[in-house]
Structure formats: structure tokens, C-alpha cells
Amino acid sequence: MTMQKYLPPTYSQKHWLWGNVHYLVKNPLQFLEKASIEKRNEGVCWISSPLVKLAMVTKPEFAKHIMQDNNKNYHKGKIFRFLKPVLGNGLLTSEDDFWRRQRRLAQPAFHKQRLAEMVQTMVACGEELANEWLSAYQSGDKVNITREMNKVALMVVSTALFKSDVKAEIAGINESMEFLLDKIIERIRHPFKLPLWVPSPENWKEKQAIRQLEQVIYRMIEKRRKSNTHEGDLLDMLMEVQDEDTGERMSDQQLRDEVMTIFLAGHETTAVAMAYVWLLLAENPEIDARLQGHLQEVLNGKLPAFEDLKKLNFLKNIIDETMRIYPPVYAVERYALADDEIGGFHIPKGTNVIISPYAIQRDATWWDEPLRFDPDRWNTEKVQNLPRYTYFPFGGGPRLCIGEQFAMYEMLIIIAILRQKFSFSKSPDYKLRLDPLVTLRAWDDIELVISPLAPEGGNK
Ligand code: HEM
């Protein structure tokens, strides 16, 4: 078959020197949305840049082509190099056979039955936060929801990884993790910053934080190896798994990389999603009231148990609808290893291709009134029959998020526990501005006004 010679059409808004990429960097969300509307028919467009070959696909079938059907032709995009110093060769950053083996080893730790063991941990974290709020806040107080959701998501992922290890140690890890995440973001914002190998004082601090974190993780691994106890946490599971063919287990270095990866990939995303759930509930009091009734009906004031989770379907719709409008991972990037053809256009080897859940999940071709928060749309036949990759907040294909079910359980549990004890309304001076970095953060932390609810029927 002969390949089409033409590159995809270029989106019209163009800077004389920097091409389109200037607008992409300046306002990525607006760019992704506008370009996908303008090039809707083609479903793929070229983003001109003097520095890189860059394209974007906006048709679900093309997203499927890259992430699933022809995934062997693509590696993760270049942006992942910023994560390497911290994450090493973990699941998120590795490729090919090494990644395949790690994925096969890690997968059983995320199976439904194993996750059922995590539910108690998640419930305990939700309860701890609720108790903290009960003593910290009175009706009418403002709560920094962004910060609180980040705190609880970190608590969940750290206890899921290291169940019984001392809390003080976990606090140290969390602090270093937050510091390193900020550094990664700084590097993405300022790509010409001195690379980490240059011996500057700032880089020394960053390397020191990585080393400290590593030491704690290695210490925990060693302690677990010596003690021979079974905690039933993720670290245990990752240490136990054996390669079916070779019988090999993960080395300490691989465990370190996977633990770091799960820490990073597993908290910021979930925290961002939960913060938007609260914001949208505060903005939609009628839906919020229905959620309260739903929780009353399913849980009747109790803490959720594993069997309850599948009954929380209205809450699940609310979470799905939130991640449709505000997908925490608003875009993924892939790098073409060889020439490809998409929609009849030529995608040369070495092109970075952007695939944006944000743009596709807000596209009126698929979604009626896309900006309307309407959890009930998930019960309609239309939405249930949409093609794959019209909604894909967890990605797809072989690199699908390994933590999808974990995150879903966590969000159902934390929101169900907190919403039974508190309600929120909008703070009049808060206005959402999106800040798309690695995840779709809010520019200013989301602040809401809290009202503790009178207890009904206890919580035992
Ligand atoms: C709402 C929460 C979450 C969202 C929206 C999310 C989203 C994603 C997306 C879009 C990818 C694919 C990236 C790509 O294709 O380039 C991904 C990968 C990944 N996620 Fe998540 N994630 C969430 C929660 C979690 C949690 C809780 C964990 C772990 C406990 C986790 C661990 C991972 C890992 C390890 C990968 C790499 C998988 C691989 O390539 O084999 N994520 N996530």
C-alpha cells in the first residue's frame, strides 16, 4: 500500500515564528477545543512548531487507532522524560518488553478481589478525614477542598501501599512526593531549566529529596523481607508476584520504581477528580439533594462496605459525569516510532501525537449540551451506545490505567462517607480557572462553604 504524502491540515491560528505551538503552550485547553472544532471533519490536525513534529487527533476512532489498534507503533510522548528521574522505569514510564513484564507482574495486585481487601483501608481514611473536619470546622466555614482531597488521596494510596508502617514515615514520604511533583511541574513549565545532572544547589535539593524517598522505600522493603509477615497491602502483593515463565520476582530497584509510580500516578489524579465532584455538587443543589437521598437509601448512615459499592450507581454517574467535563488527565501524548497513516493523512516517524479526553468528551458530536452537568445522561441509551474513546478518562488499550478500579472504589467511598456527614455550598468569591499541567488542576485551590449535618441513625 502506498502512503498518502500529505500531512494533516494545520489549525489556522498561527504565530509568525512559533507556529501553532505558541497557542498550545499559552492556552492548551482553548487550543485543544478550538482546533478540534475547526478540524472536526478531518479528526486530525497538524500543530506547526519550529522545534518538534506535533499532531493531534480528535476523532474517537483515531484515538483508538493510536492507543489500541496500532499501539505497537507508539511509545509514550516526550513529556514523560520529566518523570523519569523520580519514577525510574516504573509502569508509567517504561516501554516494550520491560513494561509488558512489569504490567503482567503488577496486574494481580489490582484485581477486584485483591482490591476488596483495600476497601477497609479506604473507609478508614474517609472516616479519619470526616472526624478531623468535625473538630476543625463549623457551619459556614470555608474549606480548601483541593488541599483536603489531596491529603485524603495521599493517605489512601500510602496506606494501601504500606498498611501498618509507622505514620511518621508516611508523613515524610508524602512531603517529599509533593516537593518532587512541584519540581516536575516546574520543569514542564520551564523546559530550559538546568537538567538534573547539572550540579546546581537547586538540583542538589531535588536529588536529595529523591534519595530520601528512595531510602525510606528501600527500608520498608527490607523490613518486610526480614519480617516475613503478610500485611495484605500493595507492597506485599508486588513483592509476592512471580513471573509465570521464569519464576522471577521484582528486584528492589523495580519495587522502588513501581512504588514511586503508584504514589505519584495514584494520588494527584484521584484528588483532582474528587475536588471537581464537590464543586459540581455545590453548583447543582438539585443533584446534590438527590445524592443525599441516594446515600440515605443505600447506606442509611452506615459506612460503605464492599458489597454496597455496586449499588451506588447514582454516585457513580456523578463521578463519571465529573470526569467527562473535567478529566484529570486532560491529554495524553504518544510518539510515533515509524510512519503511520491516520484518516488518510501522513503521520511521519518521530511525530508526537496529542490525544485529548478533554476535547473529545466535550465534543457536541457525541455529547448533547456537553457543558451541562447531567449525571442522568449515563442512563440513556444514546450514551450507553457511544463508541469507545468518546469517554476515556483512564486512557485505553494496553496502557489503560492500572488503577481504574482502585480509583473508582476510592472516590465512591470517600465521597459517600463525607457527603453523609457534610454538605457544601459555593463560596461567593470563588471562580474556577483551570490550570492544565500534568493533571487538570484548578488555578486557585477550590474553596467551598461547609455545613456539618446533624447525625441520623449513628454511624456504627
Ligand atoms: C481518577 C483517577 C485516575 C485517572 C483519571 C487516571 C488516569 C490515567 C491515564 C489516562 C493513564 C494512561 C496514560 C497514558 O496512556 O499515557 C493512567 C495510567 C496509569 N495509572 Fe492512572 N489514573 C487514575 C488513578 C490511578 C490510581 C489510583 C493508580 C494507582 C493506585 C494509578 C496508576 C496508574 C499507572 C501505574 C499507570 C500506568 C499504566 C501502564 O502504562 O501500564 N492511576 N492513569
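See above for the structure.
Cut-off values and rules
- Residues numbered from 1 in each chain as written.
- Predicted model: local features only at pLDDT ≥ 70, side-chain atom pairs only at ≥ 80, totals over all residues.
- Heavy atoms only, no water.
- Helix = DSSP H or I, 4+ residues; strand = E, 2+ residues; numbered from the N terminus.
- Rg over C-alpha atoms; globule rule 2.2 N^0.38 Å.
- Buried < 20%, exposed > 50% of the residue type's maximum accessible area, 1.4 Å probe, protein only.
- Areas by Shrake-Rupley, 256 points an atom, 1.4 Å probe, with all protein chains shown as cover.
- Lys, Arg positive; Asp, Glu negative; His and termini not counted.
- Charge placed at Lys NZ, Arg CZ, Asp CG, Glu CD.
- Pairing = 2+ DSSP bridges.
- Phe/Tyr/Trp six-rings, centres within 6.5 Å; stacked < 30°, edge-to-face > 60°.
- Core = buried A, V, L, I, M, F, W, Y, C linked by side-chain atoms within 4.5 Å.
- Contact = heavy atoms within 4.5 Å.
- Axes fitted to C-alpha atoms, helices over the stretch in contact; angles between N-to-C directions.
- Parallel < 35°, antiparallel > 145°, perpendicular 65-115°, else oblique.
- Left-handed = near helix turned anticlockwise from the far one by under 90°.
- Expected span 1.5 Å × (residues − 1).
- Donors = N, O, S within 2.8 Å, 3.2 Å for Na, K, Ca; no water.
- Disulfide = S-S within 2.5 Å.
- Near = heavy atom within 4 Å.
- Polar contact = N/O pair within 3.5 Å; in protein donor to acceptor, adjacent residues only side chain to side chain.

Student: I tried to follow the overall build of the protein on my own but got confused; where do I start?
Tutor: A tally of helices and strands in the protein yields 16 helices and 12 strands. In terms of overall dimensions, the protein is globule-like: its C-alpha atoms have a radius of gyration of 23 Å, near the 23 Å expected for 460 residues. Based on the C-alpha atoms only, the size of the protein along its principal axes is roughly 70 × 55 × 45 Å. Residues counted as buried form 54% of the 460 residues belonging to the protein. In the structure as shown, the protein presents an accessible area of about 21,200 Å², 54% of it carried by carbon and sulfur atoms. Across the protein, 60 positive and 62 negative side-chain charges occur, with their mean positions spaced 4 Å apart.

Student: Would you explain the pairing of strand S1 (residues 44-47) in this entry?
Tutor: Put simply, side chains in a regular strand alternate between the two faces of the sheet. Burial along S1 is two-sided: Val44 and Trp46 facing one way and Cys45 and Ile47 facing the other are all buried. Here four bridges tie S1 to strand S2 (residues 54-57), and the two strands are oriented antiparallel to one another. The residue of S2 that forms the bridge with Trp46 is Ala55. Hairpin connection of S1 to S2: six residues between the antiparallel strands.

Student: Hey, could you run me through the packing of aromatic side chains in this one?
Tutor: Each pair of aromatic rings is reported with the distance of its centres and the angle of its planes. All told, the structure shown has 10 aromatic pairs when counted by the stated rule. A ring pair is formed by Trp367 and Trp378, whose centres lie 5.7 Å apart and whose planes are at 45°; its orientation type is tilted. Residue Trp367 is located in the loop between helix H14 (357-361) and helix H15 (381-384), and its partner Trp378 is located in the loop between H14 and H15; the two are separated by 11 residues in the primary sequence. Assigned by exposure class, Trp367 and Trp378 land together as buried. Centre to centre, the rings of Trp378 and Tyr391 are 4.7 Å apart; their planes meet at 65°, and the pair counts as edge-to-face. With Trp378 in the loop between H14 and H15 and Tyr391 in the loop between H15 and helix H16 (404-421), this residue pair connects regions lying 13 residues apart in the sequence. An aromatic cluster of at least three residues, connected via ring pairs, comprises Trp133, Tyr137, Trp278, Phe422 and Phe424.

Student: How should the nonpolar core be read in this particular structure?
Tutor: Across soluble globular proteins, nonpolar side chains show a tendency to be buried alongside one another. Of all hydrophobic cores here, the largest spans 130 residues; its most connected members are Trp133, Ile145 and Met149. With 18 residues, the single largest contributor to this core is helix H11 (residues 252-283). Residues within four places of Trp133 in sequence aside, it is in contact with Val143, Ile145, Glu148, Met149, Leu418, Phe422, Phe424 and Ile450.

Student: Looking at this model, I keep getting lost on the sheet that holds strand S4 (residues 142-144). Mind explaining?
Tutor: Where strands meet in a sheet, backbone hydrogen bonds hold them as pairs that are either parallel or antiparallel. The three strands are arranged S4-S12-S9 in an open sheet whose pairing can be described as antiparallel. The two strands at the open ends of the sheet, each matched to only one other strand, are S4 and strand S9 (422-426). Taken pair by pair, the neighbouring strands of this sheet meet at an average axis angle of 45°, ignoring direction.

Student: So what exactly am I meant to see when it comes to the packing of helix H7 (residues 145-161) against H16 here?
Tutor: In a pair of packed helices, the angle between the axes and the distance between the axes together describe the arrangement. Interaxial distance between H7 and H16 falls to 12 Å at its minimum, and their mutual angle equals 125°. The orientation of H7 relative to H16 falls into the category oblique. Crossing of H7 over H16 shows right-handed handedness. Residues Met149, Val152, Ala153, Val156 and Ala160 of H7 form the contact with H16, whose own contacting residues are Phe406, Glu410, Ile414 and Leu418.

Student: For this particular structure, what's the right way to read H7?
Tutor: Working note: α-helix, 3.6 residues per turn, so residues spaced by three or four point in the same direction. In a regular helix each residue adds 1.5 Å, so 17 residues correspond to 24 Å; H7 covers 24 Å between its end C-alpha atoms and thus fits that length. With 14 of 17 residues buried, H7 is to be regarded as a mostly interior element.

Student: Mind showing me how you'd approach the sheet that holds strand S3 (residues 74-76) here?
Tutor: Here we have five strands laid out as an open sheet, ordered S1-S2-S8-S5-S3, and mixed in their pairing. The strands lining the two open edges of the sheet, one partner per strand, are S1 and S3. When strand polarity is set aside, the average angle formed by the axes of neighbouring strands in this sheet is 30°. Judged from the four bridges that link them, strand S5 (residues 332-336) and strand S8 (residues 352-355) form a sheet pairing that is antiparallel. Each residue of the ladder has a partner; that of Arg334, found in S8, is Val353. Of the strands in this sheet, S1, S2, S3, S5 and S8 touch helix H3 (residues 60-69), which is tilted by about 125° from S8.

Student: What is the right way to read unusual backbone geometry from this model?
Tutor: Glycine aside, residues mostly have negative phi, and peptide bonds are mostly found in the trans state. Despite not being glycine, Asn300 shows a phi value in the positive range, around 50°. Despite not being glycine, Tyr389 has its phi angle at roughly 70°, a positive value. Note on Tyr389: relative accessible area 0%, which makes it buried.

Student: Explain the coordination of the iron atom of the ligand here, please?
Tutor: In a perfect tetrahedron of four donors around a metal, the angles come out at 109.5 degrees. In a perfect octahedron of six, they are 90 or 180 degrees. No other protein atom reaches the iron atom of the ligand as a donor apart from Cys401 (SG), found 2.3 Å away. Note that Cys401 resides in the loop between H15 and H16.

Student: It is not clear to me how the state of the cysteines should be interpreted in this structure. Could you clarify?
Tutor: Covalent bonding between the sulfur atoms of two cysteines is what defines a disulfide. Counted by the stated rule, this structure contains zero disulfides. Its sulfur unpaired, Cys125 is 18 Å from the next cysteine sulfur, which belongs to Cys401. The exposure class assigned to Cys125 is buried, which follows from its relative accessible area of 4%. Of the residues examined, Cys401 reaches a relative accessible area of 31% and is grouped as partly exposed.

Student: Can you walk me through the site of the ligand in this structure?
Tutor: Near the ligand you find 28 residues, and of these Trp99, Arg103, Arg334, Arg399 and Cys401 are the closest. Lys76 is positioned such that a nitrogen or oxygen atom in its side chain is 3.3 Å from an oxygen atom of the ligand. With respect to the ligand, the backbone of Ala265 contributes an N or O atom lying 3.5 Å from a nitrogen atom. Elements supplying a minimum of two residues to the shell around the ligand: helix H5 (96-106), H11, S5 and H16. No other element matches the six residues that H11 contributes to the shell around the ligand.

Shape is all these values report; function is a separate question.
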